[in-house]
Amino acid sequence: MQLKINNLKSINKLVFTAFVVTLFAVNMSVSQEIIEDVVDASKKQRDTTKTSGRQKVDGVAAVVGDFVVLDSDIDKEYIQLQARGVSIKQISRCQLFGKLLEDKLYAHHAIQDSIVVNELEVRSNIEQQINAFLEQKGGSMTELLEFYNKDSEQSLREEMFEINKNAKLAGDMQRKIIEEVEVTPEEVREYYNSIPKDSLPIFGTELKVAQIVVIPEVSEEAKQEVIDQLKGYKADVVENGASFTTKAVFYSDDTAARAKGGMYTLNRKRPQMVKEFRDVAFSLLEGEISDPFETDFGFHIILLEKIRGQEYDVRHILLRPEITDASVLAAKEKITKVKERIESGDLKFADAAREFSDEEETKFEGGQLINPYTQDSSLELTKMDPELYGQIQDLKDDEISLVLQDQDRVNPIKFKILTVTDRTEDHQANFARDYLKIKDLALQEKQFRAIQKWQEEKIFDTYVKINDDYKGCEFESNWLKTEKE
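Okay, so let's go over this structure.

Conventions used here
Residues numbered from 1 in each chain as written. Predicted model: local features only at pLDDT ≥ 70, side-chain atom pairs only at ≥ 80, totals over all residues. Heavy atoms only, no water. Disulfide = S-S within 2.5 Å. Helix = DSSP H or I, 4+ residues; strand = E, 2+ residues; numbered from the N terminus. Buried < 20%, exposed > 50% of the residue type's maximum accessible area, 1.4 Å probe, protein only. Pairing = 2+ DSSP bridges. Axes fitted to C-alpha atoms, helices over the stretch in contact; angles between N-to-C directions. Phe/Tyr/Trp six-rings, centres within 6.5 Å; stacked < 30°, edge-to-face > 60°. Contact = heavy atoms within 4.5 Å. Core = buried A, V, L, I, M, F, W, Y, C linked by side-chain atoms within 4.5 Å. Patch = residues over 30% accessible without salt bridge, like charges linked within 9 Å, V, L, I, M, F, W, Y side chains within 5 Å. Areas by Shrake-Rupley, 256 points an atom, 1.4 Å probe, with all protein chains shown as cover. Salt bridge = Lys/Arg side-chain N within 4 Å of Asp/Glu carboxyl O. Lys, Arg positive; Asp, Glu negative; His and termini not counted. Charge placed at Lys NZ, Arg CZ, Asp CG, Glu CD.

## Points about the state of the cysteines
Overall, the coordinates contain one disulfide when judged by the stated rule. Between the sulfur atoms of C94 and its disulfide partner C473 the distance amounts to 1.9 Å. Across the S-S bond linking C94 and C473, the dihedral sits near -70°, which makes this disulfide left-handed. One end of the pair, C94, is in helix α3 (residues 93-112); the other, C473, is in the segment after β13 (464-466), with 379 residues separating them in the sequence. Of the two residues examined, C94 and C473, each falls in the buried class.

Put into structure tokens, the structure is as follows:
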């Protein structure tokens with residue numbers, strides 16, 4: 001990704017990186033109080049790409065509101081980029097410095113606007129980031145500390161907390177700036193007409209894909225068996241003082257929470273779990289255990305441990321009823337017969353989906369898949385899920401795939417058939433056919449202008465001091481507060 005001083009030109013960064021903070025993608029540095037601007041007079045600006053192996057006094061590069069940017073913060077930016085596999089040869093120190101100034105401006109005004117960050121959520125993110133590093137890199141905590149030049153795990157976590165917290169503040173501030181920005185149909189048309197005909201964007205090949213899904217049935221006997229098991233766990237805890245946490249670790253089918261004893265923190269204002277789960281959790285008293293109840297994921301019991309304002313600390317045990325071999329075989333035979341009837345001309349694919357598919361999200365639309373980003377049925381080939389692409393890449397229009405075995409987070413096994421209902425090759429943007437995509441581009445442009453206007457105004461309203469060593473940078477934003485011509 002080409003990195004510019006004003007990174008807002010990239011709408012993906014504008015909207016999304018504010019909310020997805022990973023160990024290697026975080027760009028915020030540690031929050032500090034304003035300190036007196038004392039810099040080693042003999043300090044010279046360093047090489048813009050080589051940052052390791054140098055020993056020098058860490059000077060203040062800039063102050064933005066209640067935040068400072070240190071020379072070492074810029075070094076950290078290079079380390080983060082390198083860790084993500086980004087080439088830093090074409091990225092100057094001034095560019096990274098400008099990006100840090102923007103981050104601090106957002107974070108400062110987020111605090112001024114009383115934007116509050118959920119500290120428990122931040123700490124949860126830190127755990128996920130550390131675990132991801134250890135799993136992906138196959139490393140140890142010792143290697144992680146060495147990579148970030150930290151003496152202890154505690155100091156690493158403290159710095160990561162500030163990094164994540166400030167990144168969340170900055171991201172929430174960006175979102176607040178653009179949350180009410182909308183475009184009218186007329187603005188979309190004006191945007192489209194403003195693009196020279198020879199510069200209209202090229203949209204890649206798009207497919208419309210439909211599917212029929214058959215899920216093996218679960219018997220009533222299997223359901224009752226897990227209900228009885230959960231009732232037994234509850235009775236053992238209530239009557240005999242057994243540990244709910246231990247039972248969750250040993251017996252729960254929720255692998256994500258099992259290692260934490262089934263623990264989740266729910267917030268009434270931020271839906272996290274499915275509605276049935278939330279409704280039961282929020283109806284409990286502290287220390288109370290629910291009766292077994294069903295969601296799409298299986299059957300649960302919940303222990304409410306603590307209520308902290310809008311937040312509820314709960315533990316749960318999930319059991320999935322067993323799917324028998326006979327049920328699996330029956331599901332496969334069912335979808336095979338449906339496929340044969342479609343291929344013989346006895347049924348149309350869309351009608352068969354409405355009649356036989358078990359996937360509620362698609363069956364009433366004739367099995368048509370919906371693009372989660374655009375909410376229409378066109379799937380861009382280059383952005384398609386790799387697994388789905390592999391399943392349909394060789395299909396001709398209206399040809400039906402083989403019966404495929406699949407799974408998802410709710411169903412450990414299911415069967416499906418797919419077909420390509422429409423295909424649009426690479427083409428230059430057309431207003432009627434590509435209206436939704438053009439609307440997104442017009443909205444992104446308007447959001448960028450809103451951010452740019454906000455930034456220009458806030459720079460003049462905010463205390464900003466740039467160290468002399470960086471005043472030679474060619475900033476796109478007016479950080480030096482020169483008079484406008």
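## Digging into the sheet that holds β13
Pairing is antiparallel in the open sheet, where three strands are placed in the order β2-β1-β13. Every other strand in the sheet has two partners, leaving β2 (67-70) and β13 as the edge strands with one partner each. Between one strand axis and the next, the sheet turns through 20° on average, direction left out of account. Pairing geometry for strand β1 (residues 60-64) and β13, over three bridges, is antiparallel. Bridge pairing in β13 links V64 to V464.

## Focus on the packing of aromatic side chains
Under the counting rule described, the total for this entry stands at nine aromatic pairs. With a centroid separation of 5.9 Å and an interplanar angle of 50°, the aromatic rings of F97 and F475 are classed as tilted. Placement of the pair is F97 in helix α3 and F475 in the segment after β13, with a sequence separation of 378 residues. On the accessibility criterion, F475 (15% relative accessible area) is buried. For the pair F282 and Y312, a centre-to-centre distance of 4.8 Å together with 70° between the ring planes defines the contact as edge-to-face. Of this pair, F282 sits in the loop between α11 (275-281) and β6 (293-295) while Y312 sits in strand β8 (residues 311-319), and the two are 30 residues apart along the sequence. Each residue in the set F97, Y470 and F475 is aromatic and connected to the rest through ring pairs, giving one cluster.

## Some points on the sheet that holds strand β5 (residues 263-267)
The strand order across the open sheet built from four strands is β5-β8-β7-β6, with neighbouring strands paired in antiparallel fashion. The sheet terminates laterally at β5 and β6, the two strands that pair on one side only. When the angles between neighbouring strand axes are averaged without regard to direction, this sheet yields 50°. Here three bridges tie β6 to strand β7 (residues 298-308), and the two strands are oriented antiparallel to one another. Within β7, the position partnered with T295 by the bridge is G298. Together, β6, β7 and β8 form the strand contacts of helix α8 (residues 220-240), whose direction differs from that of β7 by roughly 30°. The sheet contacts of helix α9 (residues 244-251) involve β7 and β8, and relative to β8 the element is tilted by about 45°.

## What to know about the nonpolar core
Among the nonpolar cores identified, the biggest contains 47 residues, and F97, L101, I466 and W479 are the most heavily contacted of them. Ranked by the residues each element gives to this core, the list is headed by α3, at nine residues. Counting residues in hydrophobic clusters, the runner-up holds 16 residues, among them A210, L347, F349 and I400.

## Details of the pairing of β7
Counted between consecutive antiparallel strands, the loop separating β6 from β7 contains two residues. In the sheet, β7 pairs with β8 via nine bridges, with the strands oriented antiparallel. By the bridge assignment, I302 is partnered in β8 with H316. Hairpin connection from β7 to β8: two residues lie between these consecutive antiparallel strands, with G309 at a positive phi of about 65°.

## Quick notes on a negative patch on the surface
Together, E217, E276, E294, D296, D358, E360 and E361 give the surface a local cluster of negative charge. Note on placement: E217 falls in the loop between β4 (206-214) and α8.

## With respect to the pattern of salt bridges
Under the defined criterion, the tally for this structure stands at 26 salt bridges. Across the pair K99 and D103 runs a salt bridge whose closest N-O atoms are separated by 2.4 Å. With K99 and D103 both in helix α3 and four residues apart, the pair spans about one turn of that helix. Each of the two residues, K99 as well as D103, counts as buried. Here R308 makes a salt bridge to E311, at a shortest N to O gap of 3.0 Å. Note on R308: relative accessible area 31%, which makes it partly exposed. It is possible to trace a salt-bridge network through shared partners that takes in E127, E153 and R157.

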